[in-house]
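Single-letter residue listing:
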Amino acid sequence: MMDTPIEKEREDELEALLEVTPALAQKRRSQARIILDRFLRNRTATIGASFLILLFLFCFIGPFLTGHTNPNQPNLLTPDAAPSLAYPFGADDVGRDLLARAAVGGQVSLLVGLASMLVAILLGTAIGAIAGYYGKLLDNILMRITDVFLAVPTYLLLFVLSASFTNGSVYSIIVLISIFGWTTAARLVRGEFLALKEREYVMAARTVGAKDFRLMFRHILPNAIGPIIVNATLLVGQNIILESVLSYFGFGVQAPFPSWGSLISDGQGQINTDPKLVFIPGILIFLTVLSCNLVGDGLRDAFDPHMTER
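Residues numbered from 1 in each chain as written. Predicted model: local features only at pLDDT ≥ 70, side-chain atom pairs only at ≥ 80, totals over all residues. Heavy atoms only, no water.

Here is the rule we go by: UniProt positions are given in the numbering used here, feature names are shortened, and annotations may be inferred rather than shown by experiment.
Under an unreviewed UniProt entry, the name given to the chain is Peptide/nickel transport system permease protein, and the source organism is Thermosporothrix hazakensis. Heading Sequence similarities (unreviewed entry) of the UniProt record for the chain holds this comment: "Belongs to the binding-protein-dependent transport system permease family." Under the heading Subcellular location (unreviewed entry), UniProt records this for the chain: "Cell membrane".

Some details on the overall build of the chain
The condition is simple: Only DSSP runs of H or I with at least four residues qualify as helices, and only runs of E with at least two residues qualify as strands; both kinds are numbered from the N terminus onward. The classification of residues rests on relative accessible area computed with a 1.4 Å probe and restricted to protein chains. Under 20% of the type maximum is buried, over 50% is exposed, and intermediate values are partly exposed. For this analysis, residues touch if any pair of their heavy atoms sits within 4.5 Å. For the area figures, the Shrake-Rupley method with a 1.4 Å probe applies, and any residue is considered shielded solely by the protein chains shown.
A count of helical and extended segments in the chain gives 13 helices and zero strands. Secondary structure of the chain in N-to-C order comes out as α-α-α-α-α-α-α-α-α-α-α-α-α. The burial tally for the chain puts 42% of its 310 residues in the buried class. Expressed as a percentage of contacts within the chain between residues at least 6 apart in sequence, the contacts between residues at least 24 apart total 69%. Split by element, the accessible area of the chain, about 17700 Å² in all, is 66% carbon and sulfur.

Some points on helix 4 (residues 98-134)
Given 3.6 residues per helical turn, the α-helix brings residues three or four places apart onto the same face. Basically, it comes down to this: What a helix is expected to span follows from its residue count: subtract one and scale by 1.5 Å. Any pair of nitrogen or oxygen atoms within 3.5 Å is treated as a polar contact; in protein, a donor-acceptor pairing is required on top of that, and neighbouring residues in sequence qualify only through side-chain atoms on both sides.
The end-to-end C-alpha distance of helix 4, which contains 37 residues, comes to 53 Å, matching closely the 54 Å that a straight helix rising 1.5 Å per residue would cover. The N-terminus of helix 4 is capped by Asp97, whose side-chain oxygen sits 3.2 Å from the backbone nitrogen of Leu99. Of the residues one or two after helix 4, Gly135 is the one with positive phi, at around 65°.

Focus on the packing of aromatic side chains
Operational definition: Only Phe, Tyr and Trp rings take part, Trp by its six-membered ring, and two of them pair if their centres are within 6.5 Å. Stacked means planes under 30 degrees apart, edge-to-face means over 60, and tilted covers everything else.
Under the counting rule described, the total for this entry stands at nine aromatic pairs. On the numbers, 5.0 Å between centres and 85° between planes, the contact of Tyr133 with Tyr134 is edge-to-face. Members of the aromatic cluster, connected to one another through ring pairs, are Phe159, Tyr248, Phe249 and Phe251.

Some remarks on a nonpolar patch on the surface
To be explicit about the condition: In this analysis, a patch consists of residues with relative accessible area above 30% that form no salt bridge, clustered at 9 Å for like charges and at 5 Å for the nonpolar side chains Val, Leu, Ile, Met, Phe, Trp and Tyr. One speaks of a salt bridge when a side-chain nitrogen belonging to Lys or Arg is within 4 Å of a carboxyl oxygen belonging to Asp or Glu.
A surface patch of nonpolar side chains, about 770 Å² in accessible area, is lined by Ile53, Leu54, Phe56, Leu57, Phe60, Ile61, Leu65 and Leu114. Examining the composition of the nonpolar patch, we find that seven residues originate from one element, helix 3 (residues 43-66), more than from any other. Relative to the elements of secondary structure, Ile53 occurs in helix 3. Ile53 gets classed as exposed once you look at its relative accessible area, which sits at 54%.

A short note on the nonpolar core
To keep things clear, this is the line we draw: The nonpolar core is taken to be a set of buried Ala, Val, Leu, Ile, Met, Phe, Trp, Tyr and Cys residues, with the residues joined through side-chain atoms within 4.5 Å.
Among the nonpolar cores identified, the biggest contains 54 residues, and Leu55, Phe58, Ile121, Phe193, Trp260 and Leu284 are the most heavily contacted of them. Ranked by residues supplied to this core, first place goes to helix 4 with 12 residues.

Observations regarding unusual backbone geometry
A positive phi is found at Lys136, a non-glycine position, where the angle reads about 55°. Relative to the helices and strands, Lys136 resides in helix 5 (residues 136-151).

Looking at the UniProt feature "transmembrane region" (unreviewed entry) in the chain
As annotated in UniProt, the feature "transmembrane region" (unreviewed entry) corresponds to residues 45-65, 108-134, 141-163, 169-189, 220-241 and 277-296 in the numbering used here. Taken as a whole, residues 277-296 contains 100% helix and 0% strand, while its terminal C-alpha atoms sit 30 Å from one another.

Some points on the environment of Gly132
Among the secondary structure elements, Gly132 is positioned in helix 4. The class for Gly132 is buried, based on a relative accessible area of 0%. Put simply, Gly132 and Leu142 are 10 residues apart on the chain and 9.8 Å apart in space, counted from C-alpha to C-alpha. With residues up to four places along the chain from it excluded, the contact list for Gly132 reads Arg190, Phe193, Leu194 and Lys197.

Things to note about the packing of helix 11 (residues 225-248) against helix 12 (residues 260-267)
Rule in force here: Geometry is summarised by axes, namely lines fitted to C-alpha atoms with helices restricted to the contacting stretch, and by angles between N-to-C directions that run from 0 to 180 degrees. A crossing counts as left-handed when the near helix is turned anticlockwise from the far one by less than a right angle, and as right-handed when that turn is clockwise. By the convention adopted, Pro, Cys, Tyr, Trp, Phe, Met, Ile, Leu, Val and Ala count as nonpolar, Lys, Arg, Asp and Glu as charged, and the other residues, Gly among them, as polar.
Contact geometry for helix 11 and helix 12: axes closest at 7 Å, N-to-C directions at 35°. Here helix 11 and helix 12 pass one another in a crossing that is right-handed. Every residue of helix 12 that contacts helix 11 at Ile240, Ser244, Ser247 and Tyr248 is listed here: Trp260, Gly261, Ser262, Ile264 and Ser265. Looking at side-chain class alone, the contact of helix 11 with helix 12 contains four nonpolar, five polar and no charged residues.

Side note on the confidence of the model for the chain
Detailed reading of the predicted coordinates is not advisable wherever pLDDT is low. Here is the rule we go by: Known as pLDDT, the predictor's per-residue confidence is scaled from 0 to 100.
On average, residues of the chain score 83 in pLDDT, and 88% of them are at 70 or above. Taking the mean pLDDT of every element in the chain, the minimum, 51, falls on helix 1 (residues 5-27) and the maximum, 92, on helix 4. Counting interchain partners and residues more than four positions distant, the pLDDT-below-50 stretch residues 23-27 has zero contacts.

Comments concerning the pattern of salt bridges
Think of it this way: side chains of opposite charge can pair up when their charged atoms draw near. With the rule as written, the count across this model stands at nine salt bridges. Between Asp92 and Arg96 there is a salt bridge, with the nearest N and O atoms lying 2.8 Å from each other. On the basis of relative accessible area, Asp92 is assigned to the buried category, the value being 3%. With a shortest N-O distance of 2.9 Å, Arg187 and Asp147 are connected by a salt bridge. Residue Arg187 is found in helix 8 (residues 183-196), and its partner Asp147 is found in helix 5; the two are separated by 40 residues along the sequence. For Asp147, a relative accessible area of 27% corresponds to the partly exposed category. Members of the salt-bridge network, linked through shared partners, are Arg144, Asp147 and Arg187.

So this is what it looks like as structure tokens:
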């Protein structure tokens, strides 16, 4: 039985649609893939991310490449050794490998920066979420407490608290920095919750009986995760600087654990005779913080909902 002209036209349209469907399916991307593609198109952000990956490899693998896994072990046979295969960055006045000390110091600085960021983000997110969701008196109390922390001269108070209440261990410095690092995250999350809690999907979930905890952390928080991630990235760099300043002045991580700040402090007395003792950890701090800021800027653009596709 021959097809009518109308049936033949429908078959042609169906065949054309089937040919286009695979192409459309291939172009269809998830939100995470869109964010990743936007980030990868940002050249400076990818450079910053690449450097951070290399930095982690350097800090955790570097000492094993030269065999000097103990950065505090002196070698009186090689004082002030010049850069070589055995000592790629040279040695200090008592023969300690500068590459190993810079790498292990990086482990300490990165651990403090990342761990204190995580604690501060969790604390700030909880406080900001409660203040923004419930509002009124609770919001006023929590935000006034936040303003008090913001008004305090951070470095001066950290010096006093570090000298009085910490033992110079890595964990005590993480807790100390976290106490003063949550304020920005709290204000940011509060603003996001104030803007999102009246959206239609939140009101619909409330209508069907969703409880406050589910509304806050199942419906609102996932939609505010972008600014939180950006703030977390920038906070890592800030905390590394803060730890380095504390260690430089002797209020941070104490021996035998080296950090980039304490390495600069140890080498400043020999800056005229051996400037690399100061420049190596100083350059590492500068490049690490710069890379964190570049990644943060790239993530901010990637999460921007008004970012147009190119």
